[in-house]
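# A closer look at the structure
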Amino acid sequence: MLTVIVFFLIFCAAIFQIIRSMIFLQIADWVEKETSEDLLQTTMHLSLFQNSSQSGSFIKNFAVIKNFIKSNLLPILFDIPWIPLYFIVIYMISWLNGVILTITAAALLFCAWFKEFVTKKHIASAKQHFADAEDQISLVQKNAVSIRAMGMAPQIVEKWLGLNKKSGESSKIAASKTIILDNISKFIRLFAQILTMA
């Protein structure tokens, strides 16, 4: 009977997560529909009348906000206030499980911080090299005739390939460390679940 109850609760939680994610997805689409035209008009106005080089960044920043609403990060923010209540309930049920939960939470927080610490430099390096590579593409697009006439195409290609390679290498290192630490975190979670059921 207990197994059926737990299964039902897990099923309800999954359905709730799906519904909540779909709601945030609809909100993001609604925000885009309501603001996209005004945002584009504002960007064009700044470009034409104020000669602002930052006008294009408005659309990029808006895309970041829209993607944040669509991502899984926003629902997590709504779950955070419930964490103290969750801890209190677990301690009321079993102090031993509460201690296991506290130690597990501390270990997972450390893994998350350590992952950020060891990958931050590589991610920043990958982004910087990728941005430099994009600048090379923009340079080629703006000066294609001059570059070809001066015979600089091989040097441009070689430089772009180098930047692209460095970006890929940094991304690979960051991804490798992320995979290792994510699986360590997964092991800790599963181990804690086994301990609480023992």
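## So, the overall build of the protein chain
Scanning the protein chain for helices and strands turns up seven helices and zero strands. The order of α-helices and β-strands along the protein chain, N terminus first, is α-α-α-α-α-α-α. Evaluated residue by residue, the protein chain yields a buried proportion of 18% over its 198 residues. Here the analysis covers contacts within the protein chain between residues at least 6 apart in sequence; of these, 65% occur between residues at least 24 apart. Summing over all exposed atoms, the protein chain offers an accessible surface of approximately 15,300 Å²; the carbon and sulfur share of this is 71%.

## Describing the pattern of salt bridges
Per the counting criterion, the structure on display carries one salt bridge. Asp-182 is paired through a salt bridge with Lys-115; the nearest N and O atoms lie 2.9 Å apart. On the criterion of sequence distance, the pair formed by Asp-182 in helix H7 (residues 153-197) and Lys-115 in helix H5 (residues 95-142) is long-range, its members being 67 residues apart. What makes Lys-115 partly exposed here is its relative accessible area of 26%.

## Re a nonpolar patch on the surface
On the surface, a cluster of nonpolar side chains totalling about 840 Å² of accessible area is made up of Phe-7, Phe-11, Ile-15, Ile-18, Ile-19, Met-22, Ile-23, Leu-25 and Ile-27. Taking the relative accessible area as the measure of exposure, Ile-18 reaches 52% and is therefore exposed.

## Some words on the packing of aromatic side chains
Inspection of every chain in the model, using the stated rule, returns six aromatic pairs. On the numbers, 6.5 Å between centres and 90° between planes, the contact of Tyr-86 with Phe-87 is edge-to-face. Both rings, one in Trp-113 and one in Phe-114, keep their centres 6.4 Å apart while their planes meet at 45°; by these two values the pair is tilted.

## Topic: the environment of Asn-97
Relative to the helices and strands, Asn-97 is located in helix H5. Each C-alpha atom, one on Asn-97 and one on Met-197, is 8.9 Å from the other, the two residues being 100 residues apart in sequence. Excluding residues within four positions of it along the chain, Asn-97 makes contact with Ile-90 and Thr-196.

## What to know about the confidence of the model for the protein chain
This prediction gives the protein chain a mean pLDDT of 77; 77% of its residues lie at or above 70. The secondary structure element of the protein chain with the lowest average pLDDT is helix H6 (residues 144-149), at 66, and the one with the highest is helix H4 (residues 83-93), at 85.

## Points about the side chain of Ser-185
Tracing the backbone through its elements, the reader meets Ser-185 in helix H7. Residue contacts for Ser-185: discarding those within four places in its chain leaves Leu-108 and Cys-111.

## With respect to the layout of surface pockets
Looking at the largest pocket, its volume works out to about 790 Å³. Tyr-86, Ile-90, Leu-101, Gln-193 and Thr-196 are the residues nearest the centre of the largest pocket, which is lined by 17 residues in total. When residues of the lining of the largest pocket are traced back to their parent elements, those giving at least two are H4, H5 and H7. Of all the elements, H5 adds the most residues to the lining of the largest pocket, at six residues.

## A few points about the environment of Lys-159
Relative to the assigned elements, Lys-159 resides in helix H7. Take Lys-159: its relative accessible area is 48%, and that puts it in the partly exposed class. Residues Lys-159 and Ala-133, spaced 26 residues apart in sequence, show a C-alpha to C-alpha distance of 8.2 Å.

## Considerations on the side chain of Arg-20
Structurally, the position occupied by Arg-20 is in helix H1 (residues 2-49). For Arg-20, a relative accessible area of 12% translates into the label buried. When neighbours within four sequence positions are excluded, Arg-20 is seen to be in contact with Pro-75, Phe-78 and Asp-79.

Rules used in this analysis
- Residues numbered from 1 in each chain as written.
- Predicted model: local features only at pLDDT ≥ 70, side-chain atom pairs only at ≥ 80, totals over all residues.
- Heavy atoms only, no water.
- Helix = DSSP H or I, 4+ residues; strand = E, 2+ residues; numbered from the N terminus.
- Buried < 20%, exposed > 50% of the residue type's maximum accessible area, 1.4 Å probe, protein only.
- Contact = heavy atoms within 4.5 Å.
- Areas by Shrake-Rupley, 256 points an atom, 1.4 Å probe, with all protein chains shown as cover.
- Salt bridge = Lys/Arg side-chain N within 4 Å of Asp/Glu carboxyl O.
- Patch = residues over 30% accessible without salt bridge, like charges linked within 9 Å, V, L, I, M, F, W, Y side chains within 5 Å.
- Phe/Tyr/Trp six-rings, centres within 6.5 Å; stacked < 30°, edge-to-face > 60°.
- pLDDT = per-residue confidence, 0-100.
- 1 Å grid on protein atoms, 1.4 Å probe; cavity = no way out; pocket = protein on both sides within 12 Å on 5 of 7 lines; lining within 4 Å.
- Points joined across faces, edges and corners; volume = space filled by probe spheres on them.

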